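Observations on chain architecture
The primary structure of each chain is shown beneath.
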Amino acid sequence: MRYYLIILLQVLYFSLNAQNKQVLVKGNVFDIQTKKPLTEVQVFYAENNKVVTDLNGYFQFRCDTGKIHITFLLFGYQTATKTLTVQTDTHNVISVGLEPFINELNEVVVSADKREKRVSELSVSMNVIKPFEITKNHIVNAEEIIKQTQGIEVIDGQASIRGGSGFSYGAGSRVLALINGLPVLSADAGNIRWQFLPIENLSQIEIIKGASSVLYGSSALNGVINFIGAKVDTVPRINFSISSGVYDKPKNKDWVWRNSPSTYSDASFSFSKRFQNTEFSVGSNLLSDNGYRKLNDEKLARLNFNIRQHSKKVKGLSYGTGFLGGYNMKTDFILWENAETGALKQNEATAIELNAMFFTVDPFISFTKNDLSKHDIRMRLQISDNQYPENASNNSLAVSDYAEYQFYRKFFEKLNVIFGVSDIFSKITSEFYGNHTGNNISAYSQSEYKISSKLKFSAGIRIEYNTLDGISDKIVPIFRSGVNYKLGRATFLRASFGQGYRYPSIAEEFAYTSLGAVKIFPNSEIKPEFGWSSEIGVKQGIKFNKMLGKLDVAIFYSENKDMIEYLFGLYPDPVTQEFNFGFKSSNIENSRIYGAESEFLLHKNFNNLHFNFGGGYTYIYPIETNNTGNSKIVTYLKYRRKHTAKIFLSTKFKKFEAGTNTYYKSKVLNIDNVFLNPLTREGLLPGFYDYWQTANNGYFLADIFLSYNLSRMLKISVAVKNAGNTEYADRPGNIMPQRFFSLQLSGRY
């Protein structure tokens, strides 16, 4: 008996001694983009044993020595697995940065309600684009990244969300572009100057789908695209990229117009840091593009910076200014020579060289008290100067001065109220448009009430008043409302209704010019357009067997009255009074668009192999409805497609990452009759009619990329855009780029 007792005591001793030999492992987890610690991260180790990070992102556990695999799992972030060799004579410490998902449920945005809010809590559809998507896909122009977003088309610079806009020859926009929440449309043409938008110095791009005029006013009839500047922290952050590329020959050998390849090069840089009480960020971009078409080259230089000073004496007070400036030399492509041999050669009669200067200055003051109230005074002076060296009669100088006061107040943890007033004064000096002055005064308010822990209701109103050249328009009230209900832990239902309003741009009222065979006539009688949009949607988080993701489905419906479209017809010349064929902005009576949209994103981790798989599909039915007698005539709105879809797949393995983006777009439903009418089509676009009969059948596009991390901070990558060398056009006479190869070196410090 004594012998067995000794053996038992020895077994217990060695067991306890083995446990005591377990080694302590410590670490921290943070957001790889913001560098902020992440709490409640599940840390799996040794046969699925688990600990959770604390409020500062720290964790610790004990395990045996040797090689272990540690998996980090947090909803809204890509799963990461790290290998650590645990030793007894060293400090076993690991620091891990997690990459956030694109468009995740916990993404914080500001555009929808002009205050910080999670995407899952919104009552409207929203997409969020992160800077790494821009770098990864070799994007050098804001227009390109926006048109890759599901449900959005950009036709020759004209943005359209869910079919809300067509093609208006560079005049007017139903989608409002913002930089840090302030409007950035040009004061003369009312369009988006994509080349000047600072994508090299961003924290994210937020896109609201649907009428947003209550908070943002005229031109937000169809939605909002908000470019939000980079976040600034005490840790200095440097980003740069240098890329160069070459255009392949077109698939149609008869369209080859040069012997040597056409090249493209781009360089961008950004820096941000907080120095005690001063936040500072700066970004720049240089671009040179020889163009894949003849008489369509471009050179661009862009600079932006932002300074914010936090007061040492007054807690919550900050002030500063922002600046954006750029100079652009280019020749826009308008119409081709002919379909047989000159589809990639611009008709010399329409080729006009443009030298454009653009800048904004944005002073601001902000005061926050106890996180319960906030006062903001923001201003923007914007100047756009278009000079045509060979055609001075088209020169235009547009100046706008925007000022806004906004007040936010939180009551009783349940009620949030935003109130604001704004004024924008614009002055245009131009032989092209004539000299004009305009003014827009508005007041708006929006409230959100938390009915319960799961149900939130919001409503808002805006009142606008416009004058042009001293002539007053009527006072216009518009309304919106929305509801969000948390049905489950990761299930959110939403519904919204919003009215929209757009005052015509100076170009739509007064543009008068000839571009080769194309004539543009003014219409001083054009009226503002009104509309409304509604949607019902559900956003579902996905978490299954260490697979994370989200699914979003929405059904939408919108109507517009007095919708502005350019129509071809026989019009009197305002100077000679002779009748000529040409384009003129006109109010069509009614339009209606309804449809559905779905998007999904999945992420799965297999040890060191990470997969991202996602995509989306949008269906629209866009019609113009006019009543004639007892019959109802239904015509498709111009330059819309019923079906668009996107599928993307990317994978990471150690230092390598590869992926592909595939797009499908169905045929264009309707175009201007002038391009199809036997009496006019050949005079405008030789050969287009025959080309369009076979070319307008829809198309697939595929982009691919491959990258390798040279170090923790340096990456080299290659991309092939339009890998199949697909031939397609987004509007008559405008063939889009053929296959393009690019090489990029990028870094992040």
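Refer to the structure printed above.
Reference entry: report on the structure contained in this document. Note that the structure is predicted; figures quoted are calculated from it, not measured. (Residues numbered from 1 in each chain as written. Predicted model: local features only at pLDDT ≥ 70, side-chain atom pairs only at ≥ 80, totals over all residues. Heavy atoms only, no water.)

**A look at the sheet that holds strand β14 (residues 182–183)**
Selection criterion: Only strands that DSSP links by at least two bridges are regarded as paired with each other. Strands here mean DSSP runs of E at least two residues long; helices mean DSSP runs of H or I at least four residues long; both are numbered from the N terminus.
What the 5 strands build is an open sheet, ordered β10-β15-β16-β13-β14; its pairing is mixed. Bordering the open sheet on either side are β10 (125–129) and β14, each of which pairs with just one other strand.

**Regarding empty space enclosed by the protein**
If a probe the size of a water molecule is rolled over the atoms, the empty space left behind becomes visible. Applicable threshold: Each cavity reported here is a set of points on a 1 Å grid over the protein atoms alone in which a 1.4 Å probe fits but cannot get out, each pocket an open set with protein on both sides within 12 Å along at least five of seven lines, and each lining residue one with an atom within 4 Å of a point. Grid points are joined across faces, edges and corners, and a volume is the space filled by probe spheres set on the points. In the scheme used here, Gly and all other residues not listed as nonpolar or charged are polar, with Ala, Val, Leu, Ile, Met, Phe, Trp, Tyr, Cys and Pro taken as nonpolar and Asp, Glu, Lys and Arg as charged.
All chains considered together, the criterion is met by 14 cavities of 30 Å³ or more. Each pocket or cavity is described by its volume, and for the second largest cavity that value is around 710 Å³. In this structure, the second largest cavity is lined by 43 residues; those nearest its centre are Ser218, Ser219, Ile424, Ser426 and Asn440. Secondary-structure elements contributing two or more residues to the lining of the second largest cavity are β13 (175–179), α4 (213–216), β23 (373–387), β24 (396–411), β25 (415–430), β26 (436–450), β27 (455–468) and α5 (506–510). Of the residues contributing to the lining of the second largest cavity, the split by class is 15 nonpolar, 20 polar and 8 charged.

**Notes on the sheet that holds strand β4 (residues 58–63)**
Put simply, the test is: Between the N-to-C directions of two axes lies an angle of 0 to 180 degrees, each axis being a line fitted to C-alpha atoms and, for a helix, fitted only over the stretch in contact.
Within the open sheet, the 3 strands sit side by side as β4-β1-β7. Their pairing is mixed. Because the sheet does not close on itself, it has two edges, and the strands there are β4 and β7 (93–98). This sheet shows a mean twist of 25° between the axes of neighbouring strands, independent of strand direction. Summarising the sheet, strand β1 (residues 23–31) and β4 pair through 6 bridges and their orientation is antiparallel. Residue Gly27 lies in a different strand from β4, and its bridge partner there is Phe59.

**Things to note about the pairing of strand β11 (residues 152–155)**
Both faces of the sheet carry side chains from a regular strand, because those side chains alternate between them. Which entries qualify depends on this criterion: Buried, partly exposed and exposed residues are distinguished by accessible area as a fraction of the type maximum, computed with a 1.4 Å probe on protein chains only: under 20%, between the cut-offs, and over 50%, respectively.
Burial along β11 is two-sided: Ile152 and Val154 and Glu153 and Ile155, pointing in opposite directions, are all buried. By the bridge criterion, 4 bridges tie β11 to strand β12 (residues 158–161) in an arrangement that is antiparallel. In the sheet register, Ile152 faces β12, and the bridge partner there is Ile161. Once β11 ends, the chain turns through 2 residues before running back antiparallel as β12, passing Asp156 with a positive phi of about 50°.

**Some points on the pattern of salt bridges**
Our working definition: Basic side-chain nitrogens of Lys or Arg form a salt bridge, by our definition, when they fall within 4 Å of a carboxyl oxygen of Asp or Glu.
The tally for this structure, following the rule as stated, stands at 29 salt bridges. Two residues, Asp376 and Lys374, come together in a salt bridge whose shortest N-O distance is 3.9 Å. Judged by relative accessible area, which is 32%, Lys374 ranks as partly exposed. Through salt bridges with shared partners, one network takes in Arg162, Lys209, Arg494, Glu535, Lys539, Asp552, Glu597 and Glu599.

**Some points on a nonpolar patch on the surface**
What counts is decided by this rule: What goes into a patch is any residue over 30% in relative accessible area without a salt bridge, connected to like charges within 9 Å or, for nonpolar side chains (Val, Leu, Ile, Met, Phe, Trp, Tyr), within 5 Å. For the accessible areas, the method is Shrake-Rupley and the probe is 1.4 Å, while residue cover comes only from the protein chains on display.
Together, Ile242, Phe656, Leu706, Leu710, Ile716, Val718, Leu743 and Leu745 make up an exposed nonpolar region whose accessible area comes to about 660 Å². Within the residue set of the nonpolar patch, elements represented by two or more residues are β41 (714–721) and β44 (740–748). Structurally, Ile242 can be placed in strand β17 (residues 237–247). Among the residues examined, Ile242 registers a relative accessible area of 48% and is labelled partly exposed.

**Observations regarding helix α7 (residues 688–695)**
Convention followed: Read the arc as the range of directions from the helix axis to the C-beta atoms. Contact definition: two residues touch when any of their heavy atoms are within 4.5 Å.
Within α7, burial applies to Phe688, Tyr691 and Trp692. Angularly, the buried residues of α7 cover 100° about the axis, an arc narrow enough to put them on a single face. Exposed and oriented more than 90 degrees from the buried face of α7 are Asp690 and Thr694. Looking at the packing, one finds that the buried side of α7 touches β43 (734–735).

**With respect to the nonpolar core**
Going by this rule: The definition of a nonpolar core used throughout is a set of buried Ala, Val, Leu, Ile, Met, Phe, Trp, Tyr and Cys residues joined through side-chain atoms within 4.5 Å.
In terms of nonpolar packing, the biggest core is built from 97 residues, with Ile146, Trp194, Ile205, Phe227, Trp336 and Phe675 touching the most fellow members. Per element, the largest residue contribution to this core is 5 residues, and it comes from β13. Ignoring any residue separated from it by four or fewer positions in sequence, one finds Phe675 in contact with Tyr169, Phe583, Tyr639, Arg681, Leu684, Leu685, Phe688, Tyr689 and Pro732. Residues Val41, Val43, Ile68 and Leu74 belong to the second largest nonpolar core, which totals 22 residues.

**Some words on the layout of surface pockets**
There is about 350 Å³ of room inside the second largest pocket. Elements with a contribution of two residues or more to the lining of the second largest pocket: β34 (547–572), β35 (579–606) and β37 (631–636). With 3 residues, the single largest contributor to the lining of the second largest pocket is β34. Of the residues contributing to the lining of the second largest pocket, the split by class is 9 nonpolar, 5 polar and 4 charged.

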